[in-house]
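In case you want the letters, here they are:
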Amino acid sequence: MKKITTIISFISVFFLNLVNANAGSLTVYTAIEAEDLKRYAATFNEDHPDIEINWVRDSTGIVTAKLLAEKNNPQADIIWGLAGTSLMLMKGEGMFEPYSPKGIDKLDPKFRDGDEPASWTGIDAWVAAVCVNTVEMAKHGFSMPSSWEDLTKPEYAGHVAMPNPNSSGTGFLDVSSWLQIFGEDGGWDFMDRLHNNISHYTHSGSKPCKQAASGEVPIGVSFAFRGARSKAKGAPIEIIVPSEGVGWEMEANAILKGTDNLEDAKTLADWAISKKAMEMYNVAYAVVGMPGVAKPVEHFPPALLGAMIKNDFEFAATNRKAILAEWQSRYDSKSEPKS
Amino acid sequence: MKKSRDDYLTIFFISIIGIYILIALAFPMYAILSKSVENKDGIFIGFENYQSYFSNPALVYSIYNSLFISIITMVITISLAFVFAYALTKSCMIGKSVFRSIAMIPILVPSLLSGISLIYLFGKQGIFRDLMMGYDIYGPIGIIIAEVFYTFPHALLIIITALSIGDARLYEAAKVLRSKSIRTFFTVTLPSAKYGVISAAFVVFTLVITDFGIPKVIGGQFNVLAVDVYKQVIGQQNFEMGAVVSVVLIFPALLAFVVDRIVQRKQVAILTSRSVVHEPNKSKKFDLIMLIYCSVISVFILTIIGMCLYASLVTFWPYNLSLSLDNYQFDLMDGGGWDSYYNSIRMACYTAFFGTIVVFTGAYFVEKSRSVKTGRSILHLLSMMPMAIPGLVLGLAYIFFFNHPDNPLNFIYGTMAILVICTITHFYTVSHLTALTSLKQIDNEFEHVSSSLKQPFYKTFFRVTVPISLPAIFEIGIYFFVNAMTTVSAVVFLYSSKTNLASVAVLNMDDAGDIAPAAAMGMMIFYTNAAVRIIYVLITKKILVRFQKWRTKTV
């Protein structure tokens, strides 16, 4: 009997070793583009070599879903770069450890939680845009669109892709911005007409632009930063800034309540809004949370920043569920006969 | 009767494996059922979730869509596979073993890879896009073509077995009675293969209706049940509704499972000890037709794989067709990087190792132990259950069960262990049946003799049973390995930052629009599985000969 007890305790010690998070490492949930993650971690480690970062990266909707699912048993220590509206929603669920990182007063007030101490801090913003493949447009003999309204032109029928707002943060910011630009009724009317032109709704926000880059669709509703990246890789695309204005969303950070590594999480939260971090974000993002840091980004359409709408995040966060439900009931099954 | 030490040990091991299946299957399934009748705060609300499900036309439409593609795919796959199997068993054409190997290729790749390949072949920038005549590959057409590719080898294996048990004496009788060959086909061949065909049909049906990789990649806006589960859970954070759709998805799968079990039982009776194996006769015309047919199917399969290989090497489709290895730089893509590939290999090795031990030991007690009859039949029943549960549903059930804060096993959530347990459970039944078949071939006299010599059963197990069963044990190990490399559905809800998998990376890279790297990662899985399969063949040919020499010795 004694033998068995010894064996069992050995096995359990072995397993606990396998699964226990070791100090000095943080599990970080994020929706930041994959190609940036290594650079971010490396830059952070220049200042804090003793803290190892384990990324969990997915589309905004998925990371949000994962966090909500794990609400009672959080796996993440900290969120670094997830849609602000998702974080506002989670703050309402009481999932965060309130903490105002050092230097929070240097942030644009739009980029921080209003409460004291703050539950979340914004780092950068990503902005909607339309990627248009010039080669394919010429092949079809299409004229270039210049506004959201243009996208509903009958000639584009079946040639536009956009992200499904249920899974994609970009898709949601598009929908919520249209509802703000055109008003509630006008927004849904616009989407009804746009729906007639949609070839398919994608799961992720970057896919429509990558598909436009590879000619799978001529027009992809996506975000500017993705377009700039594809253009840099040599894709024959133009990044269009619709004249009515474009939606945007900030990416933000928050510490999870119940993390077993609060000290390191605070260190990261402090660092992630430092000037060095802001300069790091600026390599790809034209808008960052600290005013006066941002420099122009290559291939980024200069008109974009002026076109950003005055986004009502409160509206977007509180109505998220209702907007998504309405969207789903209207458009989520293109297999149904079109009326 | 006083229980011996052997009996206690048997009871002990049966209980351990029984408890394993309870924890890895029954409890999670209970968790998902109860979740489907709860609201977000975990309060029982009866069938309210089901009501809101059935009042949502978009979701209910998926049921029709799922049934539609499953039935069409079933008809096409079974027809194609039947003729192919017929050619392999009843003709004298050349190159049979080559055709058979080619037909098995789809088993070695994740199902969604065929969808990716179709995009390159028939998508808007596809090589053969003009063949689509204006139809869109994104939707039912693409799903069905890809599903046929994916299910073909599964159907083929079953039908080959069914056709090869046709009794030669019946063919002889038919010949003597001067029956025309077409008549022989309908009166002899078809009836004897009937149950195999039915069984294959249900296997295909279940595979298609529970597969979510293919509709995810090439389904466009054509919604199906399996994708709905994924969308509800991953996209909308609606776990309760995900549970509801899962329960809806279990029904057709369960039905197919029950019918298949009944049919399987009848199948056994056809083959009697007096049956003689039928050897086909040469017929130039017939053999040539069959050769052409098998070549066409093989070209189709090779085109799908070849396209993926090519696409993975093209620098920037379709504007820069120069070849490079850029797409294999997984660390720069969404999806998990090279780590996910190494994780997959580790996961597949663990699954093969532990899975084979658990399954073979379990099957041994079901088949060979004399005592504890009820325990044995309960264990057998439990071992059959995993087959009826779609992988996606199992994965979701694991979230509910293992991530519950009150669960003492909570600590395995997010680790490699939960992936291994889930995968072993998902593929338990087929391995269990393989082990049983092999164990049934071993005469029970071995157990009788050793117990009368007062030898403990485990000595017989290690000295006789295991060495004799080595081919089956390797077969099970390979089966676990290959499936662990390709599975998406069972693990897509369970992977974590440290345990991302190659198959999931294929899905996620496709999601992010990085379709060429997705094809590249899919090909990595293919190379690995093919290599393992080849090594396996070499081992069985060379090394196992030593262990199995006694089989060939003349009596």
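Since the structure is predicted, the reported quantities are computational estimates derived from the model, not experimental observations.

Chemist: Explain the overall build of chain B to me, please; I cannot follow it from the model alone.
Modeler: A tally of helices and strands in chain B yields 24 helices and two strands. Seen through its C-alpha atoms, chain B measures out along the principal axes to roughly 70 × 65 × 45 Å.

Chemist: What's the story with the overall build of chain A in this structure? I'm lost.
Modeler: Scanning chain A from N- to C-terminus turns up 13 helices and 10 strands. Taking 20 Å as the expected radius of gyration for a compact globule of 339 residues, we find that chain A reaches 22 Å, a close match to that expectation. If you line up chain A on its principal axes, its C-alpha atoms span 80 × 50 × 40 Å. In chain A, of all internal contacts separated by at least 6 residues, the share reaching a separation of at least 24 is 75%.

Chemist: Before we go on, may I ask you to explain the domain arrangement of chain B in this structure?
Modeler: By a widely used convention, the size of an interface equals the accessible area lost when the partners come together. All names here are of chain B. Once the domains are mapped, chain B shows domain 1 (1-35 + 325-555) and domain 2 (60-322). Between the C-alpha centres of domain 1 and domain 2 the distance comes to 24 Å. Contacts between the two partners involve 34 residues from domain 1 and, on the opposite side, 36 residues from domain 2. Those elements giving two or more residues to the side of domain 1 that touches domain 2 turn out to be helix H1 (5-35), helix H15 (391-402), helix H20 (470-486), helix H21 (502-511) and helix H22 (515-542). It is H22 that contributes the most residues to the side of domain 1 that touches domain 2, 12 residues altogether. For the side of domain 1 that touches domain 2, the per-class residue count stands at 23 nonpolar, seven polar and four charged.

Chemist: Can you walk me through the domain arrangement of chain A in this structure?
Modeler: Residue and element names in this part refer to chain A. Domain assignment breaks chain A into domain 1 (2-125 + 249-288) and domain 2 (126-248 + 303-331). Contacts between the two partners involve 17 residues from domain 1 and, on the opposite side, 17 residues from domain 2. If you list the elements that add at least two residues to the side of domain 1 that touches domain 2, you get helix H3 (60-69), helix H4 (84-92) and strand E9 (248-255). Among the elements that make up the side of domain 1 that touches domain 2, the one with the highest residue count is H4 (four residues).

Chemist: Honestly, the interface of chain A and chain B in this entry has me stumped. Any pointers?
Modeler: Listed as interface residues are 45 residues of chain A and, on the opposing side, 42 residues of chain B. For the side of chain A that touches chain B, the secondary structure elements donating two or more residues are helix H1 (2-19), helix H2 (34-47), strand E2 (52-57), H3, strand E6 (198-202), helix H8 (207-213) and helix H13 (313-331) of chain A. A per-element tally of the side of chain A that touches chain B places H3 of chain A first, with six residues.

Chemist: Even after reading the chapter, I still don't get the confidence of the model for chain A, so can you show me in this structure?
Modeler: One rule of thumb: low pLDDT means the predicted coordinates there are not for detailed reading. Residues and elements named next belong to chain A. Summing up the model confidence of chain A, the mean pLDDT is 87 and the portion of residues at 70 or higher is 91%. Of the regions scoring below 50 in pLDDT, residues 13-22 engages in six contacts with residues more than four places distant in sequence or in other chains. Throughout residues 334-339 the model reports pLDDT below 50, and contacts reaching past four residues in sequence, or to other chains, amount to eight contacts.

Chemist: Sorry, what's going on with the packing of helix H5 (residues 112-122) of chain B against helix H12 (residues 284-313) of chain B here?
Modeler: Helix-helix packing is described using two parameters, namely the angle between the two axes and the distance between the axes. Residues and elements named next belong to chain B. At a closest axis distance of 9 Å, the pairing of H5 and H12 adopts a crossing angle of 75°. Judged by the inter-axis angle, H5 sits roughly perpendicular to H12. Taken together, the residues of H12 that come into contact with H5 (itself represented by Leu113, Ser114, Ile116, Ser117, Tyr120 and Leu121) are Ile304, Met307, Cys308 and Ala311. Looking at the contact of H5 with H12 residue by residue, the class counts come to eight nonpolar, two polar and no charged.

Chemist: What am I meant to see in unusual backbone geometry here?
Modeler: A negative phi angle characterises most non-glycine residues, just as the trans form characterises most peptide bonds. In this chain, Glu116 of chain A is followed by Pro117 of chain A through a cis amide linkage whose omega measures -5°. Examined against the element boundaries, Pro117 of chain A turns out to sit in the loop between H4 and strand E4 (121-133). Here the residue pair Trp317 of chain B and Pro318 of chain B is connected by a cis peptide bond, since its omega of -10° sits within 30 degrees of zero. Within the secondary structure, Pro318 of chain B sits in the loop between strand E1 (314-316) and strand E2 (320-323). A positive phi angle, close to 60°, is found at Lys454 of chain B, a residue other than glycine. Since 7 C-beta atoms lie within 10 Å of it, Lys454 of chain B is described here as exposed.

Chemist: Could you clarify how one ought to interpret the pairing of strand E7 (residues 219-223) of chain A in this entry?
Modeler: Successive side chains on a regular strand alternate, one facing one side of the sheet and the next facing the other. Residues and elements named next belong to chain A. Of all five residues making up E7, five are buried, and the element is well covered by its neighbours. Residue alternation in E7 divides its side chains into two sets, Ile219, Val221 and Phe223 and Gly220 and Ser222, and both sets are buried. As defined by bridge partners, strand E5 (residues 160-163) adjoins E7 across two bridges and the pair is classed as parallel. Directly across from Ala161, in E7, lies its bridge partner Gly220.

Chemist: Please explain the environment of Ser119 of chain A as it appears in this structure.
Modeler: Residues and elements named next belong to chain A. Its location among the elements puts Ser119 in the loop between H4 and E4. Among the residues examined, Ser119 registers 24 C-beta atoms within 10 Å and is labelled buried. Apart from residues no more than four positions distant in its own chain, Ser119 is found in contact with Lys91, Phe96, Pro98, Asp113 and Ala254.

Chemist: So what exactly am I meant to see when it comes to helix H10 (residues 262-271) of chain A here?
Modeler: Along an α-helix, residues three or four positions apart point the same way, because every turn accommodates 3.6 residues. Within H10 of chain A, burial applies to Asp264, Ala265, Thr267, Leu268 and Ala269 of chain A. On its buried face, H10 of chain A is in contact with strand E1 (25-30), H2, strand E3 (78-83) and E9 of chain A.

Chemist: Can you help me understand H20 of chain B in this one?
Modeler: Counted at 1.5 Å a residue, the expected span for H20 of chain B with its 17 residues is 24 Å, and the 24 Å between its end C-alpha atoms agrees. By the criterion of burial, H20 of chain B is predominantly enclosed, with 13 of the 17 residues buried.

Chemist: Would you take a moment to explain the nonpolar core for this structure?
Modeler: A general tendency of soluble globular proteins is for nonpolar side chains to be buried together. Judged by nonpolar contacts, the single largest core of 272 residues is most densely connected at Ile78, Val127 and Ala129 of chain A together with Ile159, Leu396 and Met521 of chain B. If one sorts the elements of this core by residue count, helix H6 (residues 140-164) of chain B sits on top with 15 residues. Discounting residues that sit within four places of it in the chain, Ala129 of chain A has contacts with Ser222, Phe223, Ala224, Gly227, Ile239, Ile240, Val241, Val246, Pro301 and Leu304 of chain A.

Chemist: How should the confidence of the model for chain B be read in this particular structure?
Modeler: Put simply, chain B has an average pLDDT of 88, and 95% of its residues get 70 or more. For this predicted complex, the interface score ipTM comes out at 0.77, alongside a pTM of 0.86.

Chemist: What's the story with the packing of H1 of chain B against helix H13 (residues 337-368) of chain B in this structure? I'm lost.
Modeler: Residue and element names in this part refer to chain B. As a packed pair, H1 and H13 sit with axes 10 Å apart at the nearest point and diverge in direction by 130°. Accordingly, the angle class assigned to the pair H1 and H13 is oblique. For the pair H1 and H13, the sense of crossing is left-handed. Contacts from Thr10, Phe13, Ile14, Ile17 and Tyr20 of H1 reach H13 at Val358, Thr361, Gly362 and Phe365.

Chemist: Looking at this structure, how should I read the pairing of E2 of chain B?
Modeler: Residues and elements named next belong to chain B. Pairing of E1 with E2 involves two bridges; the strand directions are antiparallel. Along E2, the bridge assignment pairs Val314 with Leu323. A loop of three residues connects E1 with E2, the two strands running antiparallel in sequence.

Chemist: Even after reading the chapter, I still don't get the environment of Val233 of chain B, so can you show me in this structure?
Modeler: Mapped onto the elements, Val233 of chain B comes out in helix H10 (residues 225-235). A tally of 27 C-beta atoms within 10 Å means that Val233 of chain B is categorised as buried. Between the C-alpha atoms of Val233 of chain B and Gly115 of chain B, which are 118 residues apart in sequence, the distance is 23 Å. Excluding anything up to four places from it in sequence, Val233 of chain B contacts Ala65 of chain A together with Phe239, Gly242, Leu396 and Phe493 of chain B.

What counts and how
Residues numbered from 1 in each chain as written. Chains lettered and ligands numbered in written order. Predicted model: local features only at pLDDT ≥ 70, side-chain atom pairs only at ≥ 80, totals over all residues. Helix = DSSP H or I, 4+ residues; strand = E, 2+ residues; numbered from the N terminus. Rg over C-alpha atoms; globule rule 2.2 N^0.38 Å. Contact = placed C-beta atoms within 7 Å. Domains from an automatic or database assignment. Nonpolar A, V, L, I, M, F, W, Y, C, P; charged D, E, K, R; others polar. pLDDT = per-residue confidence, 0-100. Axes fitted to C-alpha atoms, helices over the stretch in contact; angles between N-to-C directions. Parallel < 35°, antiparallel > 145°, perpendicular 65-115°, else oblique. Buried ≥ 20, exposed ≤ 12 C-beta atoms within 10 Å, placed from the backbone. Pairing = 2+ DSSP bridges. Expected span 1.5 Å × (residues − 1). Core = buried A, V, L, I, M, F, W, Y, C linked by C-beta atoms within 7 Å. Left-handed = near helix turned anticlockwise from the far one by under 90°.

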